[in-house]
Amino acid sequence: MINEMEKLALLARLEAKAGKEQQVADFIKSALPLAEAEPGTIRWYALQISPSTFGIFDTFGDEAGRDAHLGGEIAKALMAHADELLAAPPVIEKVALLAVK
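Residues numbered from 1 in each chain as written. Predicted model: local features only at pLDDT ≥ 70, side-chain atom pairs only at ≥ 80, totals over all residues. Heavy atoms only, no water.

Draft legend 1. Local environment of the packing of aromatic side chains. Under the criterion given, the structure shown has 1 aromatic pair. Taken together, a centroid distance of 6.2 Å and an interplanar angle of 35 degrees make the contact between Tyr45 and Phe57 tilted. Linking Tyr45 in strand S2 (residues 41–48) with Phe57 in strand S3 (residues 53–60), this pair joins segments that are 12 residues apart in sequence. Accessibility expressed as a relative area gives 41% for Tyr45, which makes it partly exposed. Among the residues examined, Phe57 registers a relative accessible area of 22% and is labelled partly exposed. (Phe/Tyr/Trp six-rings, centres within 6.5 Å; stacked < 30°, edge-to-face > 60°. Helix = DSSP H or I, 4+ residues; strand = E, 2+ residues; numbered from the N terminus. Buried < 20%, exposed > 50% of the residue type's maximum accessible area, 1.4 Å probe, protein only.)

What follows is the structure in C-alpha cells.
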C-alpha cells in the first residue's frame, strides 16, 4: 500500500570522472543539510552504486515538492560542478512510488 504522504520520487545517477570519485561522494554527502531544509522533500538518500557511480533518491508527497527540489539549491550546485566532476550529464528520472514501508 502506498503511503499517502510519499507518492513521488526522483532517481538521479551520477557517473564520476576518473579520479573524481571521492569528490563526488563528498559533494553529495555535503548536500544533506540542503535537503533537510526543503519542506517538500520527505526522504533523501545519497548512495554509491559502484566505485564511480553514485545516486540520489528522494521522495515527495506531491509534484510541487518534487519541482521545488528540482529547482532547488542541490540541483543548482550539482549543475555548477557537473563539468568538473561528472563523466556525463546526470540522469534524473521522475518516478512514482508503488509501495512504501
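Draft legend 2. Here's a closer look at the environment of Leu70. Examined against the element boundaries, Leu70 turns out to sit in helix H3 (residues 63–70). You can call Leu70 partly exposed: its relative accessible area is 31%. Distance in space between the C-alpha atoms of Leu70 and Pro90 is 12 Å, their sequence separation being 20 residues. Those residues within four positions of Leu70 in sequence are excluded, and the remaining contacts are Leu10, Ala75, Ile92 and Lys94. (Contact = heavy atoms within 4.5 Å.)

Draft legend 3. Representation of the side chain of Glu38. Within the element layout of this structure, Glu38 appears in the loop between helix H2 (32–36) and S2. The buried charged residue Glu38 lacks any salt bridge partner; its closest oppositely charged side chain belongs to Lys76, at an N-O distance of 9.5 Å. Among the polar contacts listed, one links the side chain of Glu38 to the side chain of His69, at a separation of 2.5 Å. Contacts of Glu38, omitting those with residues within four sequence positions, involve His69 and Ile74. (Lys, Arg positive; Asp, Glu negative; His and termini not counted. Salt bridge = Lys/Arg side-chain N within 4 Å of Asp/Glu carboxyl O. Polar contact = N/O pair within 3.5 Å; in protein donor to acceptor, adjacent residues only side chain to side chain.)

Draft legend 4. Geometry of H3. Taken as a whole, H3 has its buried residues at Gly65, Arg66 and His69. In a view along the axis of H3, the buried residues occupy a sector of 100 degrees, so they form one face of it. Summarising the contacts, the buried residues of H3 are in contact with strand S1 (8–15), S2, S3, helix H4 (73–85) and strand S4 (91–96). The N-cap residue of H3 is Asp62: its side-chain oxygen and the backbone nitrogen of Ala64 are 3.3 Å apart. (Arc of directions from axis to C-beta.)

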